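# What the coordinates show
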Amino acid sequence: MALDLMRLLPPDWRDVMRPYLDPGTVAALSEFVEGEYASHPVYPPLPDLFSAFRLCPFAAARVLILGQDPYHKAGQAHGLSFSVRQGVAVPPSLRNVFKELRDDLGVQPPAHGDLTGWAEQGVLLLNAVLTVRGGAPTSHAGRGWEHFTDAAIKALDAKDSRVVFVLWGGYARKKAALVTRPHHVVLEAGHPSPMNMRGFLGSRPFSQIDKALADAGAPPIRWV
């Protein structure tokens, strides 16, 4: 049976994203992704492909943290942007995220890099491209994932309740144009990668996220 990405997507997200999706583009993407999983090491594992959507139902989504594409080494990516499972070494970008969390809120980061707890509180940890060939960063860019995940951003923009869109780095910041409704908040900063020497550290995103949520009458995120 051919891979059908729409059937794999949780029904609540499928319903809200469908108006923004071109069926032909999604069909071509499904065919490409199926072929890649069949012939190469691809991450995350297929059962984890839509973990971000599964762990953060649409109705509960109140923060988006957007990454670019998944980690490309074995055992790292598990369907949540910037996150790795417990027992996997914390990657450099996530170490910087945790450093900023400590400096911003005084929160001592956990010893692991699993961000599932954030997702379960309504933080959509989404990559713009949801798969990658092993050892080949950005190898699945430009094949249709951007159209697919832009639909998720547009669906969040259509929500009547506030969503905080967190865009780190030049690639993510281009998505700010998709956020059109004035009750939402967009927070932009440099990417947390160690290759980015300025623009992220000191940006204090976590306190800004919590303030934006509080201003809308929503509880803060428990960051640990």
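Residues numbered from 1 in each chain as written. Predicted model: local features only at pLDDT ≥ 70, side-chain atom pairs only at ≥ 80, totals over all residues. Heavy atoms only, no water.

### Describing the packing of aromatic side chains
Heads up, the rule is: Here a Phe, Tyr or Trp ring, Trp counted by its six-membered ring, pairs with any other such ring whose centre lies within 6.5 Å, and the pair is stacked when the planes are under 30 degrees apart, edge-to-face when over 60, and tilted otherwise. Starting at the N terminus, helices and strands are each numbered in turn, a helix being any DSSP run of H or I of at least four residues and a strand any DSSP run of E of at least two. Summary of the burial criterion: residues with accessible area below 20% of their type's maximum are buried, those above 50% are exposed, and those between are partly exposed, where the area comes from a 1.4 Å probe applied to protein chains only. Look at NZ for Lys and CZ for Arg. If either is within 6 Å of the ring centre and within 35 degrees of the ring normal, a charge sits over the ring.
Scanning the model with the defined rule gives eleven aromatic pairs in all. Plain terms: the ring middles of Phe 50 and Trp 145 are 6.3 Å apart, the flat faces sit at 85° to each other, and that makes the pair edge-to-face. Here the residue Phe 50 occupies a position in the loop between strand 1 (42–43) and helix 4 (51–55), and Trp 145 occupies one in helix 7 (residues 145–157), the gap between them amounting to 95 residues. The same class applies to Phe 50 and to Trp 145, which are both buried. Consider the rings of Trp 118 and Trp 223, whose centres lie 4.9 Å apart with planes at 85°: the pair is edge-to-face. Remark: Trp 223 occurs in the segment after helix 9 (205–215) and Trp 118 occurs in helix 6 (residues 116–119); sequence separation between them is 105 residues. We classify Trp 223 as buried; its relative accessible area is 5%. Every member of this aromatic cluster is reached through a ring pair, and the members are Trp 13, Phe 50, Phe 53, Phe 58, Trp 145 and Phe 148. Geometry around Phe 58 places Lys 159 over its ring, the cationic atom sitting 4.8 Å from the centre.

### Section: the packing of helix 5 (residues 92–105) against helix 9
We count it as follows: Lines fitted to C-alpha atoms define the axes, with helix axes restricted to the stretch in contact, and inter-axis angles between N-to-C directions lie between 0 and 180 degrees. Here a residue-residue contact requires only that any non-hydrogen atoms of the pair lie within 4.5 Å. Here the term charged refers only to Asp, Glu, Lys and Arg, the term nonpolar to Ala, Val, Leu, Ile, Met, Phe, Trp, Tyr, Cys and Pro, and the term polar to all other amino acids, Gly among them.
As a packed pair, helix 5 and helix 9 sit with axes 7 Å apart at the nearest point and diverge in direction by 65°. Of helix 9, the residues touching helix 5 (which contributes Val 97, Glu 100, Leu 101, Asp 104 and Leu 105) are Pro 205, Phe 206, Ser 207 and Asp 210. Its residues placed into classes, the contact of helix 5 with helix 9 shows five nonpolar, one polar and three charged.

### Comments concerning the environment of Glu 36
The topology assignment puts Glu 36 in helix 3 (residues 23–39). Given a relative accessible area of 8%, Glu 36 falls into the buried group. Along the backbone, Glu 36 and Val 26 are ten residues apart, and their C-alpha atoms lie at a distance of 15 Å. In contact with Glu 36, not counting residues within four places along its chain, are Val 42, Arg 133 and His 140.

### Topic: the environment of Ala 172
Tracing the chain through its elements places Ala 172 in helix 8 (residues 170–173). Spatially, the C-alpha atoms of Ala 172 and Ala 128 are 8.0 Å apart, while their sequence positions differ by 44 residues. What Ala 172 contacts, discounting residues up to four positions off in sequence, is Leu 66 and Leu 167.

### Some points on the packing of helix 3 against helix 7
Rules: The labels follow the angle: roughly parallel below 35 degrees, roughly antiparallel above 145, roughly perpendicular from 65 to 115, and oblique for the rest. Working rule for handedness: look at the near helix, and if it is turned counterclockwise from the far one by less than a right angle, call the crossing left-handed; if clockwise, right-handed.
At a closest axis distance of 9 Å, the pairing of helix 3 and helix 7 adopts a crossing angle of 125°. Considering the angle they form, helix 3 stands oblique to helix 7. The handedness of the crossing between helix 3 and helix 7 comes out as left-handed. Residues Thr 25, Val 26, Leu 29 and Val 33 of helix 3 touch helix 7, and the partners they reach there are Trp 145, His 147 and Phe 148.

### What to know about the sheet that holds strand 2 (residues 63–67)
What counts here: Pairing between strands is defined by DSSP: at least two bridges between the two strands are required.
Read from one edge of the open sheet, four strands run 3-2-5-6, paired in parallel fashion. Looking at the sheet topology across the chains shown, the edges are occupied by strand 3 (123–127) and strand 6 (185–189). The mean angle between the axes of side-by-side strands here comes to 20°, regardless of whether they run parallel or antiparallel. In the packing of helix 7 onto the sheet, the strands contacted are strand 2, strand 3 and strand 5 (164–168), and the crossing angle to strand 3 comes to about 155°.

### Some points on the UniProt feature "active site" (unreviewed entry) in the protein
Rules: UniProt positions are given in the numbering used here, feature names are shortened, and annotations may be inferred rather than shown by experiment. Side-chain atoms alone can form a polar contact between residues adjacent in sequence; in general such a contact is a pair of N or O atoms within 3.5 Å, and within protein one must be able to donate a hydrogen while the other accepts it.
The UniProt record marks Asp 69 with the feature "active site" (unreviewed entry), using the residue numbering of this structure. Locating Asp 69 in the fold gives a position in the loop between strand 2 and helix 5. When neighbours within four sequence positions are excluded, Asp 69 is seen to be in contact with Asn 127, Val 129, Val 132, Pro 137, Thr 138 and Ser 139. Here the side chain of Asp 69 touches Thr 138 through a polar contact of 2.7 Å, landing on its backbone nitrogen.

### Let's talk about unusual backbone geometry
Pro 44 follows Tyr 43 through a cis peptide bond whose omega is 0°. Inspection of the secondary structure assignment puts Pro 44 in the loop between strand 1 and helix 4. One non-glycine residue, Phe 82, lies in positive phi territory at about 70°. By the element assignment, Phe 82 lies in the loop between strand 2 and helix 5. What makes Phe 82 buried here is its relative accessible area of 10%. Of note in this structure, Arg 204 is not a glycine but carries a positive phi near 50°.

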